[in-house]
Amino acid sequence: MKKKYDEIIIESHPQNVILVQNMIEGICDQYNIPNHYGQLSVAIIEAVENAIKHGNGSDKSKKVSIKAKKSFGGISFKITDEGKGFNTKKYESLDDVIEHGNGIFLMKTLSNRVTFLDKGRSVELFFSIDGISSSKALERKSLMEKYFAKEGTFAKQTQKSV
């Protein structure tokens, strides 16, 4: 049986990201996983924003589909745009991803698995929700610190807030 929050289709407009946030919140409530909202939200929103901007070229006549699927041990989200796709080989390693911006880096860091499909027109993010090992949490923390140290963003934000 299909659940209320399992799929939405939005027009390629940045204001529609709120609909995706509502979907994620609904799924977190539906599956009683509210502690995963931040992690899911950041990674999925990045994928949706990439689909809108890079995939569909911000063409409001094109759509972005977001489908959620609960499975044993986790939940996956498939984000599909109507664009031409892209060379996914350029984004296989985290080192390659860091050189090309935030979106895919955050998707790969915050999810347990990222799979590009249909020549890059779709991306599937898998999140383990049975729990995260402390080693995986420390790995994610280290990657984020490394990334923000490179950009200087984290240090600048920390200094401003002190």
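Residues numbered from 1 in each chain as written. Predicted model: local features only at pLDDT ≥ 70, side-chain atom pairs only at ≥ 80, totals over all residues. Heavy atoms only, no water.

A word on the side chain of Ser65. Along the chain, Ser65 turns up in strand β2 (residues 63-71). Excluding residues that lie within four positions of it along the chain, Ser65 makes contacts with Glu7, Ile8, Ile9, Lys78, Ile79 and Thr80. (Helix = DSSP H or I, 4+ residues; strand = E, 2+ residues; numbered from the N terminus. Contact = heavy atoms within 4.5 Å.)

A few words now on the packing of aromatic side chains. One pass over the structure, following the stated rule, counts 4 aromatic pairs. With a centroid separation of 6.1 Å and 80° between ring planes, the pair formed by Phe77 and Phe127 is classed as edge-to-face. On the criterion of sequence distance, the pair formed by Phe77 in strand β3 (residues 74-80) and Phe127 in strand β5 (residues 122-128) is long-range, its members being 50 residues apart. With relative accessibility at 0%, the residue Phe77 sits in the buried group. Ring geometry for Phe86 against Phe116: centres 5.3 Å apart, planes inclined by 85°, an arrangement best described as edge-to-face. (Phe/Tyr/Trp six-rings, centres within 6.5 Å; stacked < 30°, edge-to-face > 60°. Buried < 20%, exposed > 50% of the residue type's maximum accessible area, 1.4 Å probe, protein only.)

Turning our attention to the sheet that holds β3. Strand order in the open sheet formed by 5 strands is β1-β2-β3-β5-β4, with antiparallel pairing between adjacent strands. Strands at the two margins of the open sheet, each flanked by one partner only, are β1 (7-11) and β4 (113-117). Each adjacent strand pair in this sheet contributes to an overall mean axis angle of 15°, direction not counted. One ladder, built from 7 bridges, connects β2 with β3; its direction is antiparallel. Counterpart to Lys67 in the pairing with β3 is Lys78. Most of the contacts of helix α1 (residues 17-30) go to β1, to which it runs at about 170°, and overall it touches β1, β2 and β3. (Pairing = 2+ DSSP bridges. Axes fitted to C-alpha atoms, helices over the stretch in contact; angles between N-to-C directions.)

Time to look at the nonpolar core. Counting residues in each nonpolar core, the largest one holds 31 residues, and the members touching the most others are Leu40, Ile44, Ile66, Phe77, Ile79 and Leu125. Those elements that place two or more of their residues in this core are α1, α2 (37-55), β2, β3, α4 (102-110) and β5. When residues in this core are grouped by element, the largest group, 8 residues, is from α2. Apart from the residues lying within four places of it in its own chain, the contact partners of Leu125 are Ala43, Ile44, Ala47, Ile75, Ser76, Phe77, Ile79, Met107, Ser111, Arg113 and Val114. (Core = buried A, V, L, I, M, F, W, Y, C linked by side-chain atoms within 4.5 Å.)

Quick look at the side chain of Gln39 now. Residue placement: Gln39 occurs in helix α2. Assessed through its relative accessible area of 19%, Gln39 is described here as buried. Apart from the residues within four sequence positions on either side, Gln39 is in contact with Leu110, Phe127 and Arg140.

Bringing the environment of Glu46 into the picture now. By the secondary structure assignment, Glu46 is in helix α2. For Glu46, a relative accessible area of 18% puts it in the buried group. Here the alpha-carbon distance between Glu46 and Phe105, two residues 59 residues apart in the chain, equals 9.4 Å. Beyond its immediate chain neighbours, meaning those up to four positions away, Glu46 contacts Gly103, Leu106 and Met107.

Bringing the pattern of salt bridges into the picture now. A full pass over the atoms with the stated rule returns 3 salt bridges. A salt bridge links Lys63 to Glu11, with the nearest nitrogen and oxygen atoms 3.8 Å apart. Of this pair, Lys63 sits in strand β2 while Glu11 sits in strand β1; the two residues are 52 residues apart in sequence, bridging distant segments of the chain. Assessed through its relative accessible area of 31%, Lys63 is described here as partly exposed. Notably, a salt bridge pairs Asp118 with Arg121, separated by 2.2 Å at the nearest N-O pair. (Salt bridge = Lys/Arg side-chain N within 4 Å of Asp/Glu carboxyl O.)

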